[in-house]
Amino acid sequence: MKTNLFKFVGGGIFLLGLLTTSCKKDEVLVESIAFESPTYSIKVGESKQLTVTITPDNADNKTLTWSSLDASVASVDETGTVTAHKTGETTIQATAGTISATCKITAYTEVELITLKPETYTLKEGETVKLNAVIYPDDAIDKTLNWTSKNPDIATVDSEGTVTAVKEGTAVIEAAVGDVKGSSTITVEKAVQMVHPASLFAEYNVGVTPGVFATSHNSADNGYYNFTEAQTACPEGWHLPTQNELYSVADCYDGSENIVQHCKFTGSSDYSDIPEKILVNGELRDFTADYYTTTKGVCYALKFKDATNEYLSAYRWTNAATDTPFEVRVRWIKAEGKDLTVQDIANDDYWNSNNESDIVLQFPAVGYKYANGNSSGIDMMSYCWTAVEEAPSTSGSARGLLLYFLKGNYVYTGAFAASWRCSVRCVKDN
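### Quick look at the overall build of the chain
When its secondary structure is counted, the chain shows 3 helices and 33 strands. For the chain, the spread of C-alpha atoms along the three principal axes comes to 185 × 40 × 35 Å. Of all 430 residues assigned to the chain, the portion counted as buried reaches 40%. Intrachain contacts of the chain at a sequence separation of at least 6 include 53% that bridge at least 24 residues. When the accessible area of the chain is evaluated, it comes to approximately 22700 Å², of which 49% is carbon and sulfur surface. One way to put it: in the chain the 34 positive side-chain charges average out to a point 4 Å from where the 55 negative ones average out.

Written out as structure tokens, the structure reads:
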């Protein structure tokens, strides 16, 4: 501040000069800085202008200096604009004089694409498959998947992406993060139930009335039919066995020109790796079998041998005794029994254990009848027609194929005069 000084002398005025004086004002300093929020989330590639409040409002110097603890994650310019560069976290600091404040920045990437592997898959009813989700980009901040089945009656999916086939059809499985979704198409096929072929044979022969099973193995309850009548004697849902279905309960043909009775009730014999063709679930499959006969009127076998051994079975045939039918006992041992030998199962201890799961079929020794009605082979033989017609014999009479058990001899299949009357044992339709 400048002041002019004057002096009055003898009625005159004289300027003495200038007097300079100063009145200094006190500076108002920044006392605090506060961010609008302590944390911010910014998508990678995007920017955000940060806002702070400075107190007091009349501070003389409110110029801020900005800095980022990790500029590779997010940088900040001189105006407080933050730009996210990659997924991660950093701290932004705003400073005015000796006062500063910080906030936390989370740079994030959203899920852009979800791909499910496998994209298509086929299951059978009851089977499961684990779907894997490939998420892009890999550093997305939230990759929590929400799994859903568009067709839960066909296939369901759990929170881990494991799909379970329910019934035949097609289902779309989705995995989503927000609005981003990936999908997989699951085709469910009807399950082929593993059923042992021997278990499809009826418990009893057809009785005296066509289409009705006998209620016991007594000869009086068993019907006798010629080859033609036998073709329609089974009840609805059952049929006469084919030649290859027979081999699930009887002997097998080794493919040689000489007919061999592998399954015997007399003497001792030992056969290994005999080829056999057996009908399994409508499919004719190649197996091999081992046979072993003791002198006790009992024959043993390991049948259904192949690379999988999924139908591997232990067999035991016993000879007929007084008032006792021929018996076939089958134990489905599957691949778990692949190390067994036929000699291992040729003892009573093996068959006396776990016998509740065995398939037991009895074939009564009711013999057969000639065309004139006379009986033969009662208590000695069990003859059952099959659906196979053999070529005519030299006499010109038609002949049908049989499954037969001969007391004291063997179990086998062979031809018989079509006019003679034999038992009928049916096989359940698949």
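### Examining the nonpolar core
The tendency in soluble globular proteins is for nonpolar side chains to be buried side by side. With 37 residues, the main nonpolar core has Tyr 291, Trp 317 and Phe 405 as its most contacted residues. Counting residues per element, the ones that place at least two in this core are β22 (269-280), β23 (283-293), β24 (298-305), β25 (313-318), β26 (326-332), β27 (359-363) and β31 (399-406). Per-element accounting of this core gives the leading share, 4 residues, to β22. Residues in contact with Phe 405, not counting those within four places in the same chain, are Phe 265, Trp 317, Phe 326, Val 328, Phe 363, Met 380, Met 381, Ser 382, Tyr 410 and Val 411. Judged by nonpolar contacts, the second largest core, of 22 residues, contains Phe 35, Trp 66, Ala 94 and Ala 107.

### Side note on the state of the cysteines
Within this structure, the stated rule accounts for 1 disulfide. Here Cys 234 engages in a disulfide with Cys 426; their sulfurs sit 2.1 Å apart. Given an S-S torsion of about -100°, the disulfide between Cys 234 and Cys 426 has left-handed geometry. With Cys 234 in the loop between α1 (227-230) and β21 (238-239) and Cys 426 in the loop between β32 (411-417) and β33 (427-428), this residue pair connects regions lying 192 residues apart in the sequence. Residue Cys 234 is classed as buried on the basis of its relative accessible area of 13%. Free cysteine Cys 422: the closest other cysteine sulfur is in Cys 384, separated by 8.2 Å. The class for Cys 422 is buried, based on a relative accessible area of 0%.

### Details of the environment of Arg 399
Here Arg 399 is to be found in strand β31. Considering only alpha carbons, one finds Arg 399 and Gly 414, 15 residues apart in sequence, at a separation of 9.5 Å.

### Looking at the sheet that holds β31
Taken in spatial order, the 3 strands make up an open sheet running β30-β31-β32, and their pairing is antiparallel. Only two strands of the sheet have a single partner each, and these edge strands are β30 (381-390) and β32. Adjacent strand axes in the sheet meet at a mean angle of 35° when their direction is disregarded. Sheet topology places β30 next to β31; 7 bridges connect them, and they run antiparallel. Residue pairing across strands places Met 381 opposite Leu 406, the latter belonging to β31.

### Overview of the layout of surface pockets
Of the pockets and cavities examined, the largest pocket occupies roughly 180 Å³. Around the largest pocket, the lining residues are His 217, Asn 218, Ser 219, Ala 321, Asp 323, Thr 324, Pro 325, Pro 364, Ala 365, Val 366, Ile 378 and Asp 379. Here the lining of the largest pocket is built from residues that sort into 6 nonpolar, 4 polar and 2 charged. Its boundaries defined by the atoms lining it, the second largest pocket holds a volume of some 150 Å³.

### Brief notes about the pairing of β32
Summarising burial for β32: 6 of the 7 residues are buried, a large majority. Inspection of the sheet shows β31 paired to β32 by 7 bridges, in the antiparallel sense. If you follow Arg 399 over to β32, its bridge partner there is Ala 417. Connecting β31 to the antiparallel partner β32 that follows it, the hairpin turn spans 4 residues, and Gly 408 within it adopts a positive phi of roughly 75°.

### Digging into the environment of Gly 169
As for its position among the elements, Gly 169 is in strand β19 (residues 169-177). Separated by 50 residues in sequence, Gly 169 and Ser 219 have C-alpha atoms that sit 50 Å apart. Apart from residues no more than four positions distant in its own chain, Gly 169 is found in contact with Ile 154, Ile 186, Thr 187 and Val 188.

### Let's talk about the environment of Ala 140
Looking at the secondary structure, you find Ala 140 in the loop between β15 (132-136) and β16 (146-149). On a C-alpha basis, the gap between Ala 140 and Cys 252 in space is 65 Å, while along the polypeptide they are 112 residues apart.

Definitions and limits used
Residues numbered from 1 in each chain as written. Predicted model: local features only at pLDDT ≥ 70, side-chain atom pairs only at ≥ 80, totals over all residues. Heavy atoms only, no water. Helix = DSSP H or I, 4+ residues; strand = E, 2+ residues; numbered from the N terminus. Buried < 20%, exposed > 50% of the residue type's maximum accessible area, 1.4 Å probe, protein only. Contact = heavy atoms within 4.5 Å. Areas by Shrake-Rupley, 256 points an atom, 1.4 Å probe, with all protein chains shown as cover. Lys, Arg positive; Asp, Glu negative; His and termini not counted. Charge placed at Lys NZ, Arg CZ, Asp CG, Glu CD. Core = buried A, V, L, I, M, F, W, Y, C linked by side-chain atoms within 4.5 Å. Disulfide = S-S within 2.5 Å. Pairing = 2+ DSSP bridges. Axes fitted to C-alpha atoms, helices over the stretch in contact; angles between N-to-C directions. 1 Å grid on protein atoms, 1.4 Å probe; cavity = no way out; pocket = protein on both sides within 12 Å on 5 of 7 lines; lining within 4 Å. Points joined across faces, edges and corners; volume = space filled by probe spheres on them. Nonpolar A, V, L, I, M, F, W, Y, C, P; charged D, E, K, R; others polar.

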